[in-house]
Amino acid sequence: PIKSSAASDVYKRQTVLCALDARRAQVYSAAFDLETHERLMDDDARAVADLAEFVENCKKPLFFVGDGAALCYNKYGNVPGVLCVPPALRNGRAAAVAYVAEQMAQRGEAVLPEALLPDYHRLSQAERERAERLAAEAAARNNDTENGKD
């Protein structure tokens, strides 16, 4: 609902791409047609550069919102059809989250709070570093075995 709510704050008859800064030159992103309320892009962690095809082929004026919007504007600000949202309007508001939640409840899509689960799009930094360390240790053991040190 947070990405949807950020999208609902922006003008109608446009496309909005909500980009949340995921670090590592990536954004958690999803896109919506504000006129039809259709989701145009599934939630995912993507490199900002991987949005190029969507941005360049977007049929309606496109806005970026979210704390990753600046990353997107830096990359795509000169693409025809990309319109700049003032920084003060790029981030979501609690009222917009409540509005989207109300719409979901009216459609029967509400769930109990205890049923909400996180939706991870990639491993955390600690998990990535641990996997890298374990891979390096395994490679070192394999190297030792091949060199007869075992």
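Our structure's up above, just so we're on the same page.
Not measured: the values here are computed from a predicted model.

1. Re the pattern of salt bridges
Here's step 1: The full count for this structure, using the stated rule, is 6 salt bridges.
Here's step 2: With a shortest N-O distance of 3.0 Å, K60 and E35 are connected by a salt bridge. Residue K60 is located in the loop between α2 (52–57) and β4 (62–65), and its partner E35 is located in the loop between β2 (26–33) and β3 (38–47); the two are separated by 25 residues in the primary sequence.
Here's step 3: Owing to a relative accessible area of 24%, K60 belongs among the partly exposed residues under this scheme.
Here's step 4: E137 is paired through a salt bridge with R133; the nearest N and O atoms lie 3.6 Å apart. Of the two residues, E137 and R133 are both situated in helix α5 (residues 125–146); the distance of 4 residues between them amounts to about one turn of the helix.
Here's step 5: On the basis of relative accessible area, E137 is assigned to the partly exposed category, the value being 36%.
Here's step 6: Put simply, D33, E35 and K60 are held in one network by salt bridges that share partners.

2. Focus on unusual backbone geometry
Here's step 1: Phi at R23 takes a positive value of approximately 65 degrees, unusual for a residue other than glycine.
Here's step 2: Despite not being glycine, R24 has its phi angle at roughly 50 degrees, a positive value.
Here's step 3: Within the element layout of this structure, R24 appears in the loop between β1 (15–23) and β2.
Here's step 4: Since its relative accessible area comes to 55%, R24 is described here as exposed.

3. With respect to α5
Here's step 1: With 22 residues, α5 extends 32 Å from end C-alpha to end C-alpha; this agrees with the ideal 32 Å at 1.5 Å per step.
Here's step 2: Note on α5: the residue one or two positions beyond its end, G148, has a positive phi of about 75 degrees.

4. A short note on the packing of aromatic side chains
Here's step 1: Here the structure, examined in full by the defined rule, presents 2 aromatic pairs.
Here's step 2: The interplanar angle of 90 degrees and the centroid separation of 5.0 Å between the aromatic rings of F64 and Y73 together place this pair among those described as edge-to-face. For the residue pair F64 and Y73, the accessibility class agrees, reading buried in each case.
Here's step 3: Arranged with centres 6.4 Å apart and planes meeting at 25 degrees, the rings of F64 and Y76 form a pair that is stacked. You can see F64 sitting in strand β4 and its partner Y76 sitting in helix α3 (residues 69–76), a full 12 residues away along the chain.
Here's step 4: Residue F64 is classed as buried on the basis of its relative accessible area, which comes to 0%.
Here's step 5: Y76 gets classed as buried once you look at its relative accessible area, which sits at 3%.

5. A short note on the environment of E53
Here's step 1: Within the secondary structure, E53 is located in helix α2.
Here's step 2: Along the chain, E53 and A115 lie 62 residues apart, while their C-alpha atoms are 35 Å from each other.

Thresholds applied
- Residues numbered from 1 in each chain as written.
- Predicted model: local features only at pLDDT ≥ 70, side-chain atom pairs only at ≥ 80, totals over all residues.
- Heavy atoms only, no water.
- Salt bridge = Lys/Arg side-chain N within 4 Å of Asp/Glu carboxyl O.
- Helix = DSSP H or I, 4+ residues; strand = E, 2+ residues; numbered from the N terminus.
- Buried < 20%, exposed > 50% of the residue type's maximum accessible area, 1.4 Å probe, protein only.
- Expected span 1.5 Å × (residues − 1).
- Phe/Tyr/Trp six-rings, centres within 6.5 Å; stacked < 30°, edge-to-face > 60°.

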